[in-house]
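Chain residues, written in single-letter form:
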Amino acid sequence: MSKDHFLKRLYLPLLIGSMIMMVGCGDPIIEIEEANTYHWQKNMNEVEFEKLKNDMSYIEVVETAGGAGKKVKNNEYRWNDETLLTQAYIVKFKDDKLIAKEIIAVKGHSNR
C-alpha cells in the first residue's frame, strides 16, 4: 500500500474524529450564556439569587444565573443585578461548593 493511499484512507476518520472532539469539548459556561435571549440575562436577579443554596457548585450557580460571575477574590465571584444598577450579588465558594452569599450595594461614579 502506497503512502499516498494510506493518507487518503486515514483522512476521513481523522476529520470525523476531530469534529466529534470539537463538539464534545465545548465550554459549558459559553453554552449557558449563548442560550440566553438577551446579553443582560447572564447577570443575576433576586429570584435567581434566592434559588442559590449551600453546597451548589460554581457551574450550578452559573446555570441558575444564566452566566458566569466576575472573579473578585480567590473563590469569590460577583454578579451584577439584571435591572438594578445599585446592587450586585457576591457568592463565595470553598472547594467548589457555595458557602456564603450576599447582596451588596453598588455606588455609582457620577460626575455631576
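These numbers come from a predicted model, not from an experiment.

## A few points about the environment of Trp79
Phase 1 of the analysis: With respect to the secondary-structure elements, Trp79 resides in strand 2 (residues 76-80).
Phase 2 of the analysis: Judged by its relative accessible area of 1%, Trp79 falls in the buried class.
Phase 3 of the analysis: Placed 36 residues apart in sequence, Trp79 and Asn43 show a C-alpha to C-alpha distance of 5.6 Å.
Phase 4 of the analysis: Side-chain polar atoms of Trp79 contact the backbone oxygen of Gly67, separated by 2.9 Å.

## A look at the sheet that holds strand 4 (residues 97-105)
Phase 1 of the analysis: If you walk across this open sheet you meet the four strands as 1-2-3-4, and the pairing is antiparallel. At either end of the open sheet lies a strand with only one pairing partner, and these are strand 1 (70-73) and strand 4. Going across the sheet, the axis of each strand differs from the next one's by a mean of 30°, ignoring polarity.
Phase 2 of the analysis: Pairing analysis gives eight bridges linking strand 3 (residues 87-94) to strand 4, with the strands arranged antiparallel. Residue pairing across strands places Lys92 opposite Ala100, the latter belonging to strand 4.

## Section: the pattern of salt bridges
Phase 1 of the analysis: In this structure the tally under the stated criterion is two salt bridges.
Phase 2 of the analysis: A salt bridge links Lys92 to Glu76, with the nearest nitrogen and oxygen atoms 4.0 Å apart. In this pair, Lys92 sits in strand 3 while Glu76 sits in strand 2, placing the two residues 16 residues apart along the sequence.
Phase 3 of the analysis: A relative accessible area of 29% means that Lys92 is categorised as partly exposed.
Phase 4 of the analysis: Judged by its relative accessible area of 14%, Glu76 is buried.
Phase 5 of the analysis: Residue Lys92 is joined to Glu102 by a salt bridge in which the shortest nitrogen-to-oxygen separation is 3.8 Å.

Parameters and conventions
Residues numbered from 1 in each chain as written. Predicted model: local features only at pLDDT ≥ 70, side-chain atom pairs only at ≥ 80, totals over all residues. Heavy atoms only, no water. Helix = DSSP H or I, 4+ residues; strand = E, 2+ residues; numbered from the N terminus. Buried < 20%, exposed > 50% of the residue type's maximum accessible area, 1.4 Å probe, protein only. Polar contact = N/O pair within 3.5 Å; in protein donor to acceptor, adjacent residues only side chain to side chain. Pairing = 2+ DSSP bridges. Axes fitted to C-alpha atoms, helices over the stretch in contact; angles between N-to-C directions. Salt bridge = Lys/Arg side-chain N within 4 Å of Asp/Glu carboxyl O.

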